[in-house]
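Secondary and tertiary structure notes
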Amino acid sequence: MARSRRQFLRDLLLAAAFAASGITLWWRGRLPSLADGEPTLLALVDTLLPADDSPGALDLGVDKQVLRALAAEAHLSDLARAGLQWFDSAAARPFAQLPLPARSELVARAASADRAKVERAFVDQLRHLTLGFYLAQPQSLQGLAYAGPPMPAGYPDQAIAPQRG
Amino acid sequence: MASTEAWDVVIVGAGAGGSVAAWTLAGLGVRTLVLDAGPQFDRLRDYRVDQADWELRSFPDKPGSKGRYTSRLDPLDPRWQALRSWSLNYGPQAPGNQRRFGEYQHVRGIGGSTLHFSAENHRLHPDAMRLKSLFGVAADWPFDYATLAPHYDAVERQLGTAGAESDRSRPRSGPFPLPAHAPSYASQKLMAATRALGVEWQANPVAIPSRPYQGRPSCVYCGQCNRGCMLGDKGSADLVFLAPALASGMCTVRPDTRAIRIEAEHGRIVRVVCRGSDNRDFALSPRAVVLACGALETPRLLLNSSASHSPQGLANESGLVGKNFMETVMTALAGLHPEPLGTMRGLPSDIVCWQHNAPDAIPGMVGGCRFVPMTSSADLAGPINHARRMLSGWGAELKATLRQTYGCAFALGAFGESLPHAGAFIDLDPHERDADGLPLARINAGHEATTPARLDFMRRRSLAMLDAFGIAEIKEQITTYDLFSASHVFGTCRMGGDPSTSVVDAFGRSHRWGNLFVADASLFPTSGGGESPSLTIGALARRGTLHLAELLARRDI
């Protein structure tokens, strides 16, 4: 796992999580477009990382970054279209119109499904992307024992107990 | 295609071996050209560990900086289910019953894989060089530790290796050039917590200055060696060996240049056919050629250079080019420590446990291992991977948990012996070719019979250490049992005294072609018990090229 031991691990983690989502060609044609699913995607991103003492993912434009990332790769786009449809059809109302507890309940259902299910693969992918784009922005890091990128300062205090965290 | 360039020596490959060869030869006034298929990197422009989104980027993947490989891997044995790789949030990492090809972790370019290495600077255990005579397995090195020791000394001095004089795991033939780094706070805690288990830790020797050394600043402990060293303190081959070789005026380095074929006549290499970044071919006719492309590309180049006089490939009279392939045997387990330790801080692997490193130190098998902390090498130092891989859930609760636990992620790694056997070798893929139309190297990597048991020992011992440390719940386990993931590869042009059982002699010189040398980890008859190989590669390259320089001076080549 020493990396570039690191690079391999990242690639593996990404690849393994989103394999076998069960999307078939005949089904792909019946799915809504990514643009049509944008309100649902926005609500999902907000559910995953809402605002509290620190900004939420929507405050930092993470939804737009996620959308771009999903649109950039055909297999991710297919997964997203299928996943968004699942979230919009799993309850009586479209996902974006549900109150927060109901949204959380649906996310929990998807996250606990078998890894081969579309909803699980999609919510795992969405969590992966949302966390990445969110925590790459300095405004997201309020309250975290993190002073910013490792360089140029480094950690000259490495041999003593951390000040915070 | 003819060239008028007059070089004494052409070195193919600018990594851990080729750079030391160039430094050695240029320092002796030998006109040396170093070629590499990969690019030149610029540490300030290419390594951006100072950017907010640093964690989303690994070591830069520039055009030409990665080779392509194919593989044939073995089915898995259900008896070793406990060795499977998995992640809390990402599930099984090699689903199914077949071993999966993860990655050959390498960099093509000026400096080679030292550009992204953790700079561990290990001497081999002396007994690991005598497995045949001591234990009846694998092969002996054609010389002993004492023969290599002065070359270890010289390479360490140039690298500025920082280590502890109390280190008695290997005989010291000279002092460490620099004192050891202080262990990180997390490592201090690990050392204290595992004392009751009888675990002995010591400073891991590293080519990272603990104080300013020969123009390099001392380390600031950012932990991101694997993403490339922005500061320029880490002892990568481009800085430490190629820069002085260039400064001598006797060496030229040419990136983005592939060696396509090597041609031989009448007992000697007469031509190296090269292709530049403009895709034009040219030929070089030096007095000698040193191959230092690593244990996959060196045999590939030789096999791709077959001719009527060498139908099995150049220098392959023994049939052993590509055989005896040894890979990385590794486990890595990660979890969350209950206390904030600031684990993102410090060298990637600042301490090491050598207690099981001797070839007979693991009960019931031949071949040892060693243990190291590796949180940042496992890419768990930043908040993104911490949240993605160590934490569950979402929403406000996830954000709160991240605030509480950031700095608690910890990974423990173990690296073990990889024994050569008939089921592990490199050959040419019969179907896949690169952009130059040349067959790719194919990695055939079955497990040697004792490897699963060695991995099992490494895993169990790691679990015990982590438990004593306070990490009872493992969130991620990666092993090379079901994932081929090699940062270190060895053995495919074995050195030895007998031309029927080795490709090159004890100096890396072809038994048949007197002006052809190998200077990389292809030479290793055995891998060692998990030691990082770059220092040994450098010592072998120095020893071989000093011999080459003597031959050139005597006009024996």
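What you see is a predicted model; the values in this text were computed from it and never measured.

Scoring rules and cut-offs
- Residues numbered from 1 in each chain as written.
- Chains lettered and ligands numbered in written order.
- Predicted model: local features only at pLDDT ≥ 70, side-chain atom pairs only at ≥ 80, totals over all residues.
- Helix = DSSP H or I, 4+ residues; strand = E, 2+ residues; numbered from the N terminus.
- Rg over C-alpha atoms; globule rule 2.2 N^0.38 Å.
- Buried ≥ 20, exposed ≤ 12 C-beta atoms within 10 Å, placed from the backbone.
- Contact = placed C-beta atoms within 7 Å.
- Pairing = 2+ DSSP bridges.
- Axes fitted to C-alpha atoms, helices over the stretch in contact; angles between N-to-C directions.
- Nonpolar A, V, L, I, M, F, W, Y, C, P; charged D, E, K, R; others polar.

1. Details of the overall build of chain B
- Of the regular secondary structure elements, chain B holds 11 helices and 23 strands.
- For chain B, whose C-alpha radius of gyration is 23 Å, the value lies close to the compact-globule estimate of 24 Å for 557 residues.
- For chain B, the spread of C-alpha atoms along the principal axes amounts to about 70 × 50 × 45 Å.
- Going through the 557 residues of chain B one by one, you find that 60% of them count as buried.
- A fraction of 75% describes how many contacts in chain B between residues 6 or more apart in sequence connect residues 24 or more apart.

2. Some thoughts on the environment of histidine 75 of chain A
Residues and elements named next belong to chain A.
- Here histidine 75 is to be found in helix H5 (residues 74-89).
- The exposed category is assigned to histidine 75, around which 11 C-beta atoms lie within 10 Å.
- Between the C-alpha atom of histidine 75 and that of leucine 41, which follows or precedes it by 34 residues, the distance is 17 Å.

3. Here we look at helix H6 (residues 237-247) of chain B
Residue and element names in this part refer to chain B.
- For H6, the complete set of buried residues consists of Ala237, Asp238, Leu239, Val240, Phe241, Leu242 and Ala245.
- Buried positions along H6 lie against helix H1 (16-27), helix H4 (145-159) and strand S10 (251-254).
- With its phi angle positive at about 80°, glycine 249 sits one or two positions after the end of H6.

4. Overview of the sheet that holds strand S2 (residues 32-35) of chain B
Residue and element names in this part refer to chain B.
- One open sheet holds the 5 strands; their spatial order is S10-S2-S1-S14-S23, and the pairing between them is parallel. One side of each edge strand has no neighbouring strand; the edge strands of this open sheet are S10 and strand S23 (516-518). The sheet shows a mean angle of 20° between the axes of neighbouring strands, taken without regard to direction.
- Contacts from H1 reach strand S1 (9-12), S2, S10 and strand S14 (288-291), with the element oriented near 165° to S2.

5. Re the environment of aspartate 53 of chain A
All names here are of chain A.
- Looking at where aspartate 53 falls in the secondary structure, it is placed in the loop between helix H3 (38-48) and helix H4 (62-72).
- We classify aspartate 53 as exposed; it has 10 C-beta atoms within 10 Å.
- Residues aspartate 53 and aspartate 78, 25 residues apart in the sequence, show an inter-C-alpha distance of 35 Å.
- Those residues within four positions of aspartate 53 in sequence are excluded, and the remaining contacts are Gln142 and Gly143.

6. Quick notes on the interface of chain A and chain B
- Across the contact, 51 residues belong to chain A and 62 residues belong to chain B.
- Taken together, the elements giving at least two residues each to the side of chain A that touches chain B come down to helix H1 (5-17), H3, helix H6 (100-111) and helix H7 (118-135) of chain A.
- Sorting elements by how many residues they give to the side of chain A that touches chain B places H1 of chain A first, with 11 residues.
- Grouping the amino acids of the side of chain A that touches chain B by side-chain chemistry returns 31 nonpolar, 12 polar and 8 charged.

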